[in-house]
Number of protein chains: 2
Amino acid sequence: MEKFNTYIEANAERFIEELKEFCRQPSIAAQGIGLEEMSRLVQARLEKLGAEVRLMPVNGGPPVIYAELGKGQRTLLLYNHYDVQPPDPLDLWDSEPFDPQIREGVFYARGVADNKGDLLARLQAIEAYLATQGELPLKIKCFIEGEEEVGSPHLASFAAEHTHLLTADGCLWEGGHKDESGRPTIALGLKGIMYLELRVHGAKSDLHSSLATIVPNPAWRLVWALSTLKDENDNILVDGLMDHVAEPTATEMEMLAAIPFEEEKMRANFGIPHFIRGLTGVEALKKHLYEPTCTICGLKAGYTGEGAKTVLPNTAVVKLDFRLVPNLEPDLVVKLLRQHLDKRGFTDIEVVPISGLHPAKASPDAPIVKAAIAAAQAVYGQRPVVYPLMAGSGPMYPLTQALGIPALAAGVGHAESNLHAPNENIRLEDYFQGIRFVGELIHRFAAG
Amino acid sequence: MEKFNTYIEANAERFIEELKEFCRQPSIAAQGIGLEEMSRLVQARLEKLGAEVRLMPVNGGPPVIYAELGKGQRTLLLYNHYDVQPPDPLDLWDSEPFDPQIREGVFYARGVADNKGDLLARLQAIEAYLATQGELPLKIKCFIEGEEEVGSPHLASFAAEHTHLLTADGCLWEGGHKDESGRPTIALGLKGIMYLELRVHGAKSDLHSSLATIVPNPAWRLVWALSTLKDENDNILVDGLMDHVAEPTATEMEMLAAIPFEEEKMRANFGIPHFIRGLTGVEALKKHLYEPTCTICGLKAGYTGEGAKTVLPNTAVVKLDFRLVPNLEPDLVVKLLRQHLDKRGFTDIEVVPISGLHPAKASPDAPIVKAAIAAAQAVYGQRPVVYPLMAGSGPMYPLTQALGIPALAAGVGHAESNLHAPNENIRLEDYFQGIRFVGELIHRFAAG
């Protein structure tokens, strides 16, 4: 791979220029801005690699970009997205979000870390591979969507209709990042999520609070129902839910123990004296990655302005977010929650599903994982930190695990890349290492 | 009192014109509109009775109007207010709120039922008394404030500084109304109130909800704390609070039993199948009037807009309103609640008092009560419905009970007077009966 690396160095300036071009083009899914233009830029870049590119219409959404390159025994699926988060709040940016700037080796622009840097790094790695090795040693499928930042609402059904485009032996997911201490990380899965509302209704309209003696209050009813869902020690009490949660295996516990977990720094950043249950070290990390959550994301009832208003509310709503570890599925959570509430007489409480995603997890023994670990070792000169699972969620399941494809996440970000925030950035050093990593991964995954 | 009644009939048109004049003048305490002008109108009307009127400055509020008239062994205190609620929502009014209109014997205007009708009816009764009986048989003290509709924030301290102005043998409170079936009502007291917030804080800022595994969630903490305050059967569980609540006496239970309680109509109006605990009849009424409340008036945490936002909130707030029966006082509630929370480890939860009012209750044996019942019997031709206590709250305590003055509420409204609502109104028939009632009360209270 020496020629490969030399090629990257020789083309570094152009590669950066290309990244600037990508980042100059706004492509904000939430606001429907620039998605068409951005999809054309990505299409053109793929065509420069000699790929035949399809812009596939998605019912109600921006097109999926699909391309195949190379051939070989193995197939590698690359999943990325060309849309970005809105740039607000604008006044907190040190330079314009869509006017890419490099300061002291750091490249600032909206979308550069999430996910245009990784998207382009992968295409540039393919270019370098082709230029220096002649041809690809495996088949690469690029699957690039345009509405990841609004929750990929059409992705699952699109994937189910186009499984033949996705079939692969392994998937390199979206992106990834170095950790606080500069160690490369690889993540083998994502939690799922079930986001829903509980809604409680009382009288026809809000009433004077003096009537609270005899007229039921939906806000109290919501409190009583919620208090049956989780105890003060953060144990989820929804009947049967925890029965579906598996303890990490011995191998997974070893992986957890190998993860550097900078907990004091975390607590200081968050401004909290302790983690839940006073957990520390690997036990905190185990809870973080291997326990589901039942989180109140929002609560609303009655009067929420300044001062006093003596009102008996007629509606109360909670937004709950269940993060799902493997074996927990969105529909199952809704079903168990409904049964749990009914059993306790809360048959009047509406359960309103908002959105759901399955968890996804690759085996550490999958060839793509072994290849990625070896590739990282070669590029970064150290064993990567391997997360068996990430605490966040994403549409990994329908694109990969549902089709039997092991997926892992690795990429060009770092711990302070400010994803979804002002001054989003990547470090140029990480970017070029990321290109080299993709080259190494292609090479090693094809080989074994 | 025959001449008295004849005088009222003879002057009916002028009396209505005066009421229109009062109602044409906006006097909105919440918006600081027209209070100065209104206080001058009231002053002028009192001066027409020959009273020496004082406009007493209130630190930070509109003036209190104070006047004394007549002399005798007994002193009657009249409490009223010259401010009104804002007229919004304007589009639901059938005529302009400050352009009084009479339609089919009903007088529509903002403030006519709360409280300008009662205020003026009392002054017109005094005029009729003086004109027909020569002089008043007792001393009358008029105490008229201008910020009742914003919670009388300066009243308690003003009253404490001016107790000599308030000293009296009985007080006729603000106003009152006929019930759904047209029966006159007299109320002998008001519940107190303690309105406060509980505030819970978590991390420095809102965080991504995937961190809910290890970072404490103040919204959950609030739910757990709230669930210790009241059970699903609506029993208040705050340690020691219910120990201060007295059962109604046998006399009071008799009064309750004599109150016509149109519960089916109430439930239909509110759109609820049952009252709390499935209570009916006198048991429901007993709970309504003799139990304190602990009401969630408002709940707020995290994201409360449409759809999903996966946020771990860093603050949660509840607004709680405790309605206080006799022996429960605002400060006591705050103290008991603080102790209750501390005992359960919720020392981090802030208790923020917003406003408080003592309960007040007159004895049914007080001479003013006996005189009022007899006066009502004389005017309305039936025994009035006597409420030993009302479920609502008001600043009765500092003006009356704190000074040992029994107070009762009676007035010119009816069950559909739309207090604080569009199309506020009184019936002219009730208005003139109300003037006669005040005349009878003066007469009878002075006599016995």
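Residues numbered from 1 in each chain as written. Chains lettered and ligands numbered in written order. Predicted model: local features only at pLDDT ≥ 70, side-chain atom pairs only at ≥ 80, totals over all residues.

K.L.:
Run through the relation of the copies chain A and chain B, naming residues and quoting values.
P.N.:
The two copies are related by a screw operation: chain A maps onto chain B through 180° of rotation and 0.1 Å of translation along the axis, at an RMSD of 0.1 Å. Given the turn and translation reported, the copies of this chain are related as if by a two-fold rotation axis. Ranked by how close their C-alpha atoms come to the rotation axis, the residues of chain A are headed by Lys300 of chain A, at 2.5 Å. When you check the interface residues of chain A against chain B, 100% turn up at the interface there too, and the contact is symmetric in its surfaces. (Least-squares fit on C-alpha atoms with pLDDT ≥ 70 in both. Contact = placed C-beta atoms within 7 Å.)

K.L.:
Please give an account of the interface of chain A and chain B that cites residues and values.
P.N.:
Opposite the 56 residues of chain A that make contact, chain B presents 56 residues. Among the elements of the structure, helix 7 (218–227), helix 10 (281–290), strand 11 (295–302), strand 12 (311–312), strand 13 (315–324), strand 14 (350–357) and strand 17 (390–393) of chain A are those that each provide at least two residues to the side of chain A that touches chain B. Examining the composition of the side of chain A that touches chain B, we find that eight residues originate from one element, strand 11 of chain A, more than from any other. Split into classes, the residues belonging to the side of chain A that touches chain B amount to 30 nonpolar, 16 polar and ten charged. Alignment of strand 11 of chain A against strand 11 (residues 295–302) of chain B, held across five bridges, turns out to be antiparallel. (Helix = DSSP H or I, 4+ residues; strand = E, 2+ residues; numbered from the N terminus. Nonpolar A, V, L, I, M, F, W, Y, C, P; charged D, E, K, R; others polar. Pairing = 2+ DSSP bridges.)

K.L.:
Break down the pairing of strand 1 (residues 52–58) of chain B for me, with residues and values.
P.N.:
Residue and element names in this part refer to chain B. Note that strand 1 and strand 2 (residues 61–69) share six bridges and pair antiparallel. Residue Leu55 lies in a different strand from strand 2, and its bridge partner there is Ile65. What sits between strand 1 and strand 2 in their antiparallel hairpin is a turn of two residues, with Gly60 showing a positive phi close to 90°.

K.L.:
Tell me what's going on with the packing of helix 12 (residues 367–380) of chain A against helix 14 (residues 428–447) of chain A, and back it up with residues and numbers.
P.N.:
All names here are of chain A. Interaxial distance between helix 12 and helix 14 falls to 8 Å at its minimum, and their mutual angle equals 135°. With respect to helix 14, the element helix 12 is oriented oblique. Crossing of helix 12 over helix 14 shows right-handed handedness. Of helix 14, the residues touching helix 12 (which contributes Pro367, Ile368, Ala371, Ala372, Ala374, Ala375, Ala376, Ala378, Val379 and Tyr380) are Gln433, Arg436, Phe437, Glu440, Leu441, Arg444 and Phe445. When the residues that make up the contact of helix 12 with helix 14 are grouped by side-chain class, the tally is 13 nonpolar, one polar and three charged. (Axes fitted to C-alpha atoms, helices over the stretch in contact; angles between N-to-C directions. Parallel < 35°, antiparallel > 145°, perpendicular 65-115°, else oblique. Left-handed = near helix turned anticlockwise from the far one by under 90°.)

K.L.:
With reference to specific residues and values, describe helix 14 (residues 428–447) of chain B.
P.N.:
Taking 1.5 Å of rise per residue, the 20 residues of helix 14 of chain B would be expected to cover 28 Å, and the 29 Å separating its terminal C-alpha atoms lies within 8% of that figure. In terms of burial, helix 14 of chain B is a largely internal element, 15 of the 20 residues being buried. (Expected span 1.5 Å × (residues − 1). Buried ≥ 20, exposed ≤ 12 C-beta atoms within 10 Å, placed from the backbone.)

K.L.:
Please set out the environment of Leu190 of chain B residue by residue, giving values where relevant.
P.N.:
All names here are of chain B. Tracing the backbone shows Leu190 in strand 9 (residues 189–201). Leu190 gets classed as buried once you count the C-beta atoms within 10 Å, which come to 29. Between the alpha carbons of Leu190 and Ala362 there is a distance of 9.4 Å; along the sequence they are 172 residues apart. In contact with Leu190, not counting residues within four places along its chain, are Pro359, Ala360, Met390, Gly392, Ser393, Gly394 and Met396.

K.L.:
Give me the lowdown on the domain arrangement of chain A, citing residues and values where you can.
P.N.:
Residues and elements named next belong to chain A. Along its sequence, chain A is organised into domain 1 (2–188 + 362–447) and domain 2 (192–245 + 291–357). Between the C-alpha centres of domain 1 and domain 2 there is a distance of 38 Å. Counting residues at the interface gives five residues for domain 1, matched by five residues for domain 2. Of the residues contributing to the side of domain 1 that touches domain 2, the split by class is three nonpolar, two polar and no charged. (Domains from an automatic or database assignment.)

K.L.:
Could you give an account of the sheet that holds strand 19 (residues 425–427) of chain A, naming the residues involved and the relevant values?
P.N.:
Residue and element names in this part refer to chain A. On the basis of which strands lie adjacent, the open sheet formed by three strands has the order 4-5-19 and antiparallel pairing. For this open sheet the edge positions go to strand 4 (101–103) and strand 19, each flanked by a neighbour on one side alone. In this sheet, neighbouring strand axes are inclined to one another by 25° on average, regardless of whether the strands run parallel or antiparallel. Bridge analysis of strand 4 against strand 5 (residues 106–108) gives three bridges, and the strand direction is antiparallel. By the bridge assignment, Arg103 is partnered in strand 5 with Val106. Its contacts with the sheet put helix 4 (residues 112–133) on strand 5 and strand 19, and the angle it makes with strand 19 is roughly 50°.

K.L.:
Summarise the sheet that holds strand 4 (residues 101–103) of chain B; cite the residues concerned and give the values.
P.N.:
All names here are of chain B. Strands sit in the order 4-5-19 across an open sheet of three strands; the sheet is antiparallel. Each edge of the open sheet is held by one strand with a lone partner, namely strand 4 and strand 19 (425–427). Neighbour-to-neighbour, the strand axes of this sheet turn through a mean angle of 25°, independent of strand direction. Sheet topology places strand 5 (residues 106–108) next to strand 19; three bridges connect them, and they run antiparallel. Bridge pairing links Val106 to Arg427 in strand 19.

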